[in-house]
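Structure assessment
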Amino acid sequence: MERLGPGTAAAVGSPGGGSGAAVELRDILHVLGKWKGVMALVVAAAVGTTGVVTFFVLPKVYRATATVNMGSLLNSNPNGQSTPTVGQATDLQGVVNSVSVLPAASLQTYQWEMTSPSVLASASKALKAKGIDLPADAIGGMVSPGAVAGTSLVTISATNHDPRLAATIANAVAQAFITDQSHNVAGRLAKALTLLKGQASSLGKQLGAASAKLAKDEERPGASAVAGATIQADTGQMSSLAQGYAQAKVKLQSALGAESALQASLRGVPATIRTSNSTSTTSASPQANPAYQSLKGDLAKQAVVVAEDQARVAELQREMSTQSASPPSPSGSSSSSQSASALASAYAQAKVSLKAALAGEQELQIQIRSTPKTLAPTKVSPTVTVAPNPVYQSLSRQLSAAQVTVAEERAAVAELGAELPTLQNQLQNLQGQSTAAQAAVASAKYEVKNLSSAYQTLTAKITATKVQEAVATGKALIQLDAPATTPSVPVSPRKKLDLALSLLVGLVAACGVAFLLEQLDNTVKNPEDVRRAASLPTLAVIPFVRG
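These notes cover the structure that comes with them. Sequence order as written defines the numbering, with residues in each chain counted from 1. Given that the model is predicted, a residue must reach a pLDDT of at least 70 before its local features are reported, and side-chain atom pairs must reach 80 or more before they are shown or counted; all residues, however, enter totals for whole chains, interfaces and linings. Where side-chain values are given, they derive from all heavy atoms of the structure, hydrogens and water being excluded.

Comments concerning the overall build of the protein
To qualify as a helix, a DSSP run of H or I must reach at least 4 residues; to qualify as a strand, a run of E must reach at least 2; elements of each kind are numbered from the N terminus. When its secondary structure is counted, the protein shows 13 helices and twelve strands. Expressed as a percentage of its 547 residues, the buried residues of the protein come to 30%. Should any heavy atoms of two residues lie within 4.5 Å, those residues are counted as being in contact. Put simply, 88% of the contacts in the protein that link residues at least 6 apart link residues at least 24 apart. Values of accessible area rely on a 1.4 Å probe in the Shrake-Rupley scheme; residue burial ignores everything except the protein chains shown. Summed over its atoms, the accessible surface of the protein is roughly 32,500 Å², and 59% of this surface lies on carbon and sulfur atoms. The buried label applies to any residue whose accessible area, calculated with a 1.4 Å probe on protein chains only, is under 20% of its type's maximum; exposed applies above 50%, and partly exposed to all values in between.

Some remarks on the nonpolar core
Nonpolar cores were defined as sets of buried Ala, Val, Leu, Ile, Met, Phe, Trp, Tyr and Cys residues, with membership established by side-chain atoms within 4.5 Å. Core analysis: the biggest nonpolar cluster contains 31 residues, and V68, I139, V143, I169 and V173 have the highest contact counts within it. Contributions of two or more residues to this core are made by β2 (62-69), α4 (107-114), α5 (117-129), α6 (136-142), β4 (153-160) and α7 (163-218). With eleven residues, α7 is the single largest residue contributor to this core. Not counting residues up to four positions away in its chain, the partners in contact with I169 are L127, L134, I139, M142, V143 and A158. Counting 14 residues, the second-largest nonpolar core is a separate cluster that includes A444, V448, A454 and L458.

What about the side chain of E409?
Assignment of secondary structure puts E409 in helix α11 (residues 390-471). For the buried E409, which has no salt bridge, the nearest side chain bearing the opposite charge is K251, at an N-O separation of 5.3 Å. If near-sequence neighbours (up to four positions away) are discounted, E409 is found in contact with A248, K251, L252 and A255. In summary, the charge assignment counts Lys and Arg as positive and Asp and Glu as negative, without counting His or the chain termini. By definition here, a salt bridge exists when the distance from a side-chain nitrogen of Lys or Arg to a carboxyl oxygen of Asp or Glu is within 4 Å.

Concerning α4
When α4 is considered as a whole, its buried residues turn out to be L107, Y110, E113 and M114. Along α4, the residues classed as buried sweep out an arc of 120° about the axis, all on the same side. Exposed positions of α4 whose direction lies more than 90 degrees from the buried face are Q108 and W112. Directions pointing from the helix axis toward each C-beta atom define the arc.

Considering a nonpolar patch on the surface
Note that patches include only residues with greater than 30% relative accessible area and no salt bridge, and the join distances are 9 Å for like charges and 5 Å for nonpolar side chains (Val, Leu, Ile, Met, Phe, Trp, Tyr). A cluster of nonpolar side chains, V52, V53, F55, F56, V57 and L58, forms an exposed patch at the surface whose accessible area comes to about 580 Å². By secondary structure assignment, the location of L58 is in the loop between α2 (36-57) and β2.

Topic: the pattern of salt bridges
Oppositely charged side chains can pair when the atoms bearing their charge come close. If you walk through the whole model with that rule in mind, you get one salt bridge. Between E518 and K34 there is a salt bridge, with its nearest N and O atoms 3.3 Å apart. Note that E518 is positioned in helix α12 (residues 495-520) and K34 in helix α1 (residues 25-34), a separation of 484 residues in sequence. Since its relative accessible area comes to 17%, E518 is described here as buried.

Describing the pairing of strand β3 (residues 143-147)
Inspection of the sheet shows β3 paired to β4 by five bridges, in the antiparallel sense. Considered in β4, the bridge of P145 is made with I156. Connecting β3 to the next strand, β4, in antiparallel fashion are five residues, including G150 with a positive phi near 80°. We treat two strands as partners when DSSP finds at least two bridges between them.

As for the environment of E447
Its place among the elements puts E447 in helix α11. Look at E447 and you get partly exposed, because its relative accessible area is 38%. Considering only alpha carbons, one finds E447 and A210, 237 residues apart in sequence, at a separation of 6.9 Å.

A word on the packing of α2 against α12
Structural elements are reduced to axes, namely lines fitted to C-alpha atoms, with helices fitted over the stretch in contact, and the angle between N-to-C directions of any two is expressed from 0 to 180 degrees. For the pair α2 and α12, interaxial distance at closest approach is 8 Å and the crossing angle is 150°. Classified by the angle between their axes, α2 and α12 sit roughly antiparallel to one another. Once α2 is placed against α12, the crossing between them reads as right-handed. Taken together, the residues of the contact of α2 with α12 break down into 16 nonpolar, five polar and two charged. Working definition: roughly parallel below 35 degrees, roughly antiparallel above 145 degrees, roughly perpendicular at 65 to 115 degrees, and oblique for all remaining angles. Should the near helix be turned anticlockwise from the far one by less than a right angle, the crossing is left-handed, and should it be turned clockwise, the crossing is right-handed. As a working rule, the residues Ala, Val, Leu, Ile, Met, Phe, Trp, Tyr, Cys and Pro are called nonpolar, Asp, Glu, Lys and Arg charged, and the rest polar, with Gly in that last group.

Let's talk about the sheet that holds β4
Across the sheet, four strands lie side by side as β3-β4-β2-β11; this open sheet has antiparallel pairing. With partners counted over all chains shown, the strands left at the sheet margins are β3 and β11 (479-482), one partner each. The sheet shows a mean angle of 30° between the axes of neighbouring strands, direction not considered. Here α4 sits on the sheet in contact with β2, β3 and β4, set at roughly 165° to β3.

Notes on the packing of α1 against α12
Packed helices, taken two at a time, are described by the angle their axes make and the gap between the axes. Where α1 contacts α12, the two axes come as close as 9 Å, and the packing angle between them is 100°. It follows that α1 is roughly perpendicular to α12 by the angle criterion. Between α1 and α12, the residues in contact are I28, V31, L32 and K34 and C511, A514, F515 and E518, respectively. Here the residues of the contact of α1 with α12 are counted per class, giving six nonpolar, no polar and two charged.

Observations concerning the environment of A170
Relative to the helices and strands, A170 is located in helix α7. On the basis of relative accessible area, A170 is assigned to the buried category, the value being 0%. Between the C-alpha atoms of A170 and T485, which are 315 residues apart in sequence, the distance is 9.1 Å. Leaving out residues up to four positions away in the same chain, A170 has contacts with A64, A66, I156, A158 and A484.

The values are spatial; any link to function lies outside them.
In C-alpha cells form, the structure reads like this:
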C-alpha cells in the first residue's frame, strides 16, 4: 500500500468491485477541479503576456484607403467582363461596334495595375517632391489594392505607423494610377482611331467596287427597260402568231370539209347527159369538145394567177434583200424588227399562194391532157344527144378550187407551225437573260446599300472617337471618387480581440496542462484514487495518525 497524505486512509479492496476503464464526465471535472490552481496560473500568464506585448511592445499601425471610380472604362459592366474583340465579330457591323469602343479590362487587371512598377515609381517621385523619400519597393510593401463588389470602384490601401503618411501614400498611388490610366486611354483612343480609319478606307474601296459592279450589271442586255419592251412586243407577236395558227387550222378543217362534200357530190353526178331530138342527124366531121375548151379557159386564168403570184414573190424577195443590206437604225430598232417580221410573214403567205396556184395549174394541165380536143363523128339517133354535164363540170371546177384552198391552208399551217416554236424559244431565252440580269442588279443594289450603311456608321464612329480623343483623354473616364483621409484608429494591434484570443488560448493550454499533470501523477491520496487505480471496492479506511 502507498503512503497516504494527512487526513487520508488506506483502503483494502477485494476483486469484482471495478467500474471499468471508461472515462466519465465526473472524472474530467475531477481532474479540472484538482488542478484548477495550475490552470489559473496558465491562463493568467497567457493573458498577461498578451497584454504586455499588445500595450507596451507592438507599435500602432494605421490604414488609409483611397477609392477610384473606373467609370466608362468598364463599359457599364460592374463585373469587369471584357467586351468582344474584333476577331470575335461575326459581321462588318460587329467589327464597327467592337473597334469603336475602348478595350475593357477586368477589375482584377486594374487591381494589378495599381501596384505595377510604373505606378509605384510615379508615386515614389510624387512623394519625393513632397519631401518623403520612399523607394517604389517600400511603397509596394505598404499598399494593397481591392475592389468594391458589384460596382466599378477600386480601392488602394496604405498601412504605416504614421497615420498622415499612410493617407499621403494612398493618395499618391491613386493619383499615379489615374495618370497612368489616362496615358493608356489616350493611346487606346489613338489606336482605335487609326483602326477605324483603316476600316473606313477599306470599306470605301469595297463600296466603289460594288458601285462599279452595279453600273456594269445595269448595262447588261436584259437589265434595261428596252428589254422589257422587247419581251412585251415578242409576247404580243407570239400571241398573234398562235392565234393565226389556230385560225389557219380551223380554215384548213373547213376547206377539207368542203372538199369532201364536193367529192361526194361529184361522185353522184354523171359526167355527160343525153338529150332527145325530133330529127335524126349524122355528124359529117369531128366536133370541138366543150369540156376541153372549158379546161383551156380555166388553164389560161390559172396561168394569170401564177404569173401574178410569181411577180408578188419576186417583189417581196427584192424588198427583203434591200432591207437586210441596209444598216439598222439604233433609235428605230423595235419598229424595224416589226417591219421585217411583217415582210417575212407576207413573203411566206405569197409563197404559199404561189405553191397553191402552181398546184392548180398542174392539175388543170393533167385534166387537159386526159380530155380529147374534139368529139368523134357519131351518128345520133333521132331522139338522143350526148353532151357534157354542166353540173358535173361546175362541181369539178369547184372541187379544183377547194383543193387549191386546202393546199394553201396546209402550207399556211405548216409555215406558222414552224415559225411558232422558233419565236417561243427566242422569247424564253430573252426572258431568262432578263431575269438573270435583274437578279444581278438587285443583288448589287443590296450590297451597295449595306456597304453604304456600314460606311456611314463607321464615319460616325470616327467622328465620335475624335471628339472623345479631344475632350476626354482619360480624366473624364477615371476619377478619384474618395481620397484617403488620416485615420484616427489604428488597425493593429487590436487589443480587445488579442486579449480575448489570448484568454481562449490560455484556457485551452491550461486544460492541456491539467490533463498532462494528471497523467504524470501516480500517487494514491484517497479511496477514489484506489478505486480508479485498482478497480476494487473500498472495504475500510484506516486514518493516519501523526506521532
